[in-house]
Amino acid sequence: TDLQQQVPHHLPQRPRNQAPPAPVATEGAVADKIQVNRRILLIVEDHAAVRASLRAWIETSIPTVSVLDAHSIQDALDTLARTTVDVLLLDIRSAKMNGIERIGAIRVIHRRAPATAVVVCSRLDGSAHRAAASAAGAVAFVSKRRMAEDLLPVLRSLLSSGRGTPAANGDNRI
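Residues numbered from 1 in each chain as written. Predicted model: local features only at pLDDT ≥ 70, side-chain atom pairs only at ≥ 80, totals over all residues. Heavy atoms only, no water.

(A) Expanded view of the confidence of the model for the protein chain. Summing up the model confidence of the protein chain, the mean pLDDT is 76 and the portion of residues at 70 or higher is 66%. The low-confidence segment residues 1–29, where pLDDT is below 50, has 40 contacts with residues more than four positions distant or belonging to other chains. Long-range and interchain partners of residues 167–171, a stretch whose pLDDT sits below 50, account for nine contacts in this model, where long-range means more than four residues apart. (pLDDT = per-residue confidence, 0-100. Contact = heavy atoms within 4.5 Å.)

If you want it as structure tokens, here you go:
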């Protein structure tokens, strides 16, 4: 997909002889991915290859975050029911839901997890989609056309300061 081409593929890899940090000892498959004293980011993206690329890029670039992923809104809601997520990165376009339906899902996410900051990431980056995402409660909007430049500063800002509007790039505030 277009996003796979935009996610940097020249990411530094963890050396093969370096083991990942030990997971937190809690119940469920999600616990295996969460590490002690780390902020938690949840990627909601229906394309597995894109999820994997984003996850690798973010884990390599922001080592203080535990990254979880979900292939659907329902999968994300199930994860939110089991763990506290600091930031949720949501692609508003999917094969099963259109952008407007996914924007409506932001409201559901906020009802279930009001402390979770939602960042919308999409190729549907017109002012109408930005306004709808903002009205639904998203704290930032990152265009997939500028994701390589804009996503990490937004995530770093939110993960370091807590929920709220990222201070990274004024174009991402909504």
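(B) Structural context of helix H6 (residues 147–161). With 15 residues, H6 ought to run about 21 Å at 1.5 Å a step, and its terminal C-alpha atoms sit 21 Å apart, in line with that. Listing the buried residues of H6 in full gives Met147, Asp150, Leu151, Leu152, Val154, Leu155, Ser157, Leu158 and Leu159. (Helix = DSSP H or I, 4+ residues; strand = E, 2+ residues; numbered from the N terminus. Expected span 1.5 Å × (residues − 1). Buried < 20%, exposed > 50% of the residue type's maximum accessible area, 1.4 Å probe, protein only.)

(C) Just the pattern of salt bridges, in detail. Throughout the structure, instances matching the rule amount to seven salt bridges. Lys144 is the partner of Glu45 in a salt bridge, and the nearest nitrogen-oxygen pair spans 3.5 Å. Of this pair, Glu45 sits in the loop between strand S1 (39–44) and helix H2 (48–61) while Lys144 sits in the loop between strand S5 (140–143) and H6, and the two are 99 residues apart along the sequence. The same class applies to Glu45 and to Lys144, which are both buried. A salt bridge links Asp69 to Arg51, with the nearest nitrogen and oxygen atoms 3.7 Å apart. Pair noted here: Asp69 is in strand S2 (residues 65–70) and Arg51 is in helix H2, with a separation of 18 residues, a long-range link. With a relative accessible area of 13%, Arg51 lands in the buried category. (Salt bridge = Lys/Arg side-chain N within 4 Å of Asp/Glu carboxyl O.)

(D) Just helix H3 (residues 73–82), in detail. Burial in H3 covers these residues: Ile73, Ala76, Leu77, Thr79 and Leu80. End-on view of H3: buried residues confined to an arc of 160°, all on one side of the axis. Across H3 from its buried face, at more than 90 degrees, point the exposed residues Ala81 and Arg82. (Arc of directions from axis to C-beta.)

(E) How the structure looks around the packing of H2 against H6. Contact pair H2 / H6: the axes reach a minimum separation of 11 Å and the direction vectors enclose 55°. Accordingly, the angle class assigned to the pair H2 and H6 is oblique. Note on packing geometry: the crossing formed by H2 with H6 is right-handed. Between H2 and H6, the residues in contact are Leu54, Trp57, Ile58 and Ser61 and Met147, Ala148, Leu151, Leu152, Leu155 and Arg156, respectively. (Axes fitted to C-alpha atoms, helices over the stretch in contact; angles between N-to-C directions. Parallel < 35°, antiparallel > 145°, perpendicular 65-115°, else oblique. Left-handed = near helix turned anticlockwise from the far one by under 90°.)

(F) Representation of the sheet that holds S1 in the model. One open sheet accounts for five strands, arranged S2-S1-S3-S4-S5; its pairing is parallel. Each end of this open sheet is capped by a strand with a single partner; those strands are S2 and S5. Going from strand to strand, the sheet's axes swing by 20° on average, the running direction of each strand aside. Here five bridges tie strand S3 (residues 87–91) to strand S4 (residues 117–122), and the two strands are oriented parallel to one another. Opposite Leu88, over in S4, you have Val118 as the bridge partner. Strands S1, S2 and S3 of the sheet are contacted by H2, whose axis makes an angle of about 175° with S2. (Pairing = 2+ DSSP bridges.)

(G) Expanded view of the pairing of S1. The element S1 is largely enclosed, with a buried count of five among its six residues. Of the pairings in the sheet, the one linking S1 to S2 comprises six bridges and is parallel in character. Within S2, the residue paired with Ile40 across the bridge is Ser66. Between the parallel elements S1 and S2, the chain passes through H2 in a crossover that is right-handed. Relative to S3, S1 runs parallel, the two sharing four bridges. Bridging across to S3, Val44 finds its partner in Leu90. (Right-handed = clockwise from strand over helix to strand, strands pointing away.)

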